[in-house]
Amino acid sequence: MTRSDLPAITLPTRRLGRTDMYITRVGFGAWAIGGGDWAAGWGAQDDRASIAAIRHAVDRGLNWIDTAAVYGLGHSEEIVRAALAEIPFDERPYVFTKCGLVWSDADRTKMPSRVGAPQSIRREVEASLRRLGVERIDLYQMHWPAGDGTPLEAYWQTLLDLKAEGKVRAVGLSNHTTEQLRVCEHLGHVDSLQPPFSAIRREVGATELPWCEAHGTGVIVYSPMQSGLLTGHFTHERARDLPASDWRSRASDFSGDRLDRNLRLAAALEPIAARRGTTVATVAVAWTLIWPGVTGAIVGARSPEQVDGWFDAATLELTRADIEEIAHAIATTGAGAGPAVPG
């Protein structure tokens, strides 16, 4: 496999919270490459293309990958390991993964359970270390609040202990509220938050982002293109033809009036992209990065070409006029919910 024909450049970085990691504004998201044979899959994937996409992103200068044990029920972490194996150790990106979702190998179609039991988390971290082929995970996050009755304090203390033991470098929370962040911060610093955030799904802009900025907690947002809706390539026809193995075929944002509004917002980004000489996807990702408190955005890709479709977001800075135009588009289309501009 050859390295990218496009030259790597030194990309802007930001410090992830109070950690010693400085990350590029965009990182590679490895949810989709887990495959389609599980409850939240994206349909069938080509593992060779997935590995090529990761290599291409790293070759072009991105310095972190976000995955999770549950993506493909372990398969995404295995694909990340395969991609890392071809990269010299001192050139490897940071690897972030998550815990707290436990599945049954007997029924891959069943939604994984939200488990916070300390002994389960300890089993999960060892399994992720093996699948990733690393001695230490750079960032380990609780994927969702536990649903098994484990107190928030108990699973957060377990993550803090793993950090103290050197199993992981930093610890954080994904899909947790401001109140939950406060509780955890009282026990030990929350290094990061990973919330959903896009021009369609904007709720965390009102509460979680300001809290994180005030408390030195890094934020890496996921789904900044709203799972493909803000790429500029999604259509009503594509939504209609999504296979049953793609979770989006069952999601409310991908049907009816909500789909109409979302696609009108995507279309409204086209003039901005044309004016800036880039893509709609890049504009959508760059919009999330203007918000105070946001350290970086996780962006998925399943081929090198998809990486190139949003890569400019790592350096693009939207102007005030761009931001006001997007706010106007949000208001006129009625897409999504939450504040349209940073407070």
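Going by what an unreviewed UniProt entry lists, the protein is known as Aldo/keto reductase and is assigned to Blastochloris tepida.

Before we move on, can you summarise the nonpolar core with the specific residues and values?
Counting residues in each nonpolar core, the largest one holds 91 residues, and the members touching the most others are Val 26, Phe 28, Ile 54, Tyr 140, Leu 173 and Trp 310. Top element by residues in this core is helix H10 (residues 280-289). It accounts for 8 residues. The contact partners of Ile 54, leaving out residues within four places of it in the chain, are Phe 28, Ile 33, Ile 65, Ile 79, Val 80 and Ala 83. Among the nonpolar cores identified, the runner-up in size contains 11 residues, and Leu 16, Met 21, Trp 64 and Ala 170 belong to it.

Tell me what's going on with the UniProt feature "domain: NADP-dependent oxidoreductase" (unreviewed entry) in the protein, and back it up with residues and numbers.
The feature "domain: NADP-dependent oxidoreductase" (unreviewed entry), as annotated in UniProt, sits at residues 26-329 in this numbering. Helix and strand shares over residues 26-329 are 40% and 14% respectively, and the end C-alpha atoms of the span are 24 Å apart.

Before we move on, can you summarise the pattern of salt bridges with the specific residues and values?
Considering all chains together, one arrives at 18 salt bridges under this definition. Close ionic contact of Arg 122 with Glu 165 constitutes a salt bridge, the shortest N to O distance being 2.6 Å. One end of the pair, Arg 122, is in helix H3 (residues 118-132); the other, Glu 165, is in helix H4 (residues 152-165), with 43 residues separating them in the sequence. Given the relative accessible area of 31%, Arg 122 is considered partly exposed. Exposure remark for Glu 165: the relative accessible area of 46% places this residue in the partly exposed category. When the shortest N-O distance is used, the salt bridge between Asp 322 and Arg 276 registers 2.7 Å. You can see Asp 322 sitting in helix H12 (residues 320-333) and its partner Arg 276 sitting in helix H9 (residues 270-276), a full 46 residues away along the chain. Given a relative accessible area of 1%, Asp 322 falls into the buried group. It is possible to trace a salt-bridge network through shared partners that takes in Arg 275, Arg 276, Asp 322 and Glu 325.

Tell me about helix H1 (residues 47-59), and please be specific about residues and values.
In this model H1 runs 18 Å from its N-terminal to its C-terminal C-alpha over 13 residues, within 8% of the 18 Å that 1.5 Å per residue would give. Within H1, 10 of the 13 residues are buried, which leaves it mostly tucked inside the rest of the structure. Within the span of H1, buried status applies to Ser 50, Ile 51, Ala 52, Ala 53, Ile 54, Arg 55, His 56, Ala 57, Val 58 and Asp 59. Those residues of H1 that are buried lie in contact with strand E3 (26-29), strand E4 (64-66), helix H2 (75-84) and helix H11 (304-310). If you check the start of H1, you find a side-chain oxygen 2.9 Å away from the backbone N of Arg 48, and it comes from Asp 46. Gly 61 sits one or two positions beyond H1 and adopts a positive phi of about 120 degrees.

Let's hear about the packing of aromatic side chains: which residues, and what values?
In total, this model carries 10 aromatic pairs according to the counting rule given. Here Trp 31 and Trp 247 contribute two aromatic rings whose centre-to-centre distance is 5.3 Å and whose plane-to-plane angle is 10 degrees, an arrangement assigned as stacked. On the criterion of sequence distance, the pair formed by Trp 31 in the loop between E3 and H1 and Trp 247 in the loop between helix H7 (236-240) and helix H8 (256-268) is long-range, its members being 216 residues apart. Seen in terms of ring centroids, Trp 287 and Trp 291 are 5.3 Å apart; in terms of plane orientation they differ by 65 degrees. Their pairing is edge-to-face.

Basis of the calculations
- Residues numbered from 1 in each chain as written.
- Predicted model: local features only at pLDDT ≥ 70, side-chain atom pairs only at ≥ 80, totals over all residues.
- Heavy atoms only, no water.
- Core = buried A, V, L, I, M, F, W, Y, C linked by side-chain atoms within 4.5 Å.
- Buried < 20%, exposed > 50% of the residue type's maximum accessible area, 1.4 Å probe, protein only.
- Helix = DSSP H or I, 4+ residues; strand = E, 2+ residues; numbered from the N terminus.
- Contact = heavy atoms within 4.5 Å.
- UniProt positions renumbered as here; feature names shortened; annotations may be inferred.
- Salt bridge = Lys/Arg side-chain N within 4 Å of Asp/Glu carboxyl O.
- Expected span 1.5 Å × (residues − 1).
- Polar contact = N/O pair within 3.5 Å; in protein donor to acceptor, adjacent residues only side chain to side chain.
- Phe/Tyr/Trp six-rings, centres within 6.5 Å; stacked < 30°, edge-to-face > 60°.

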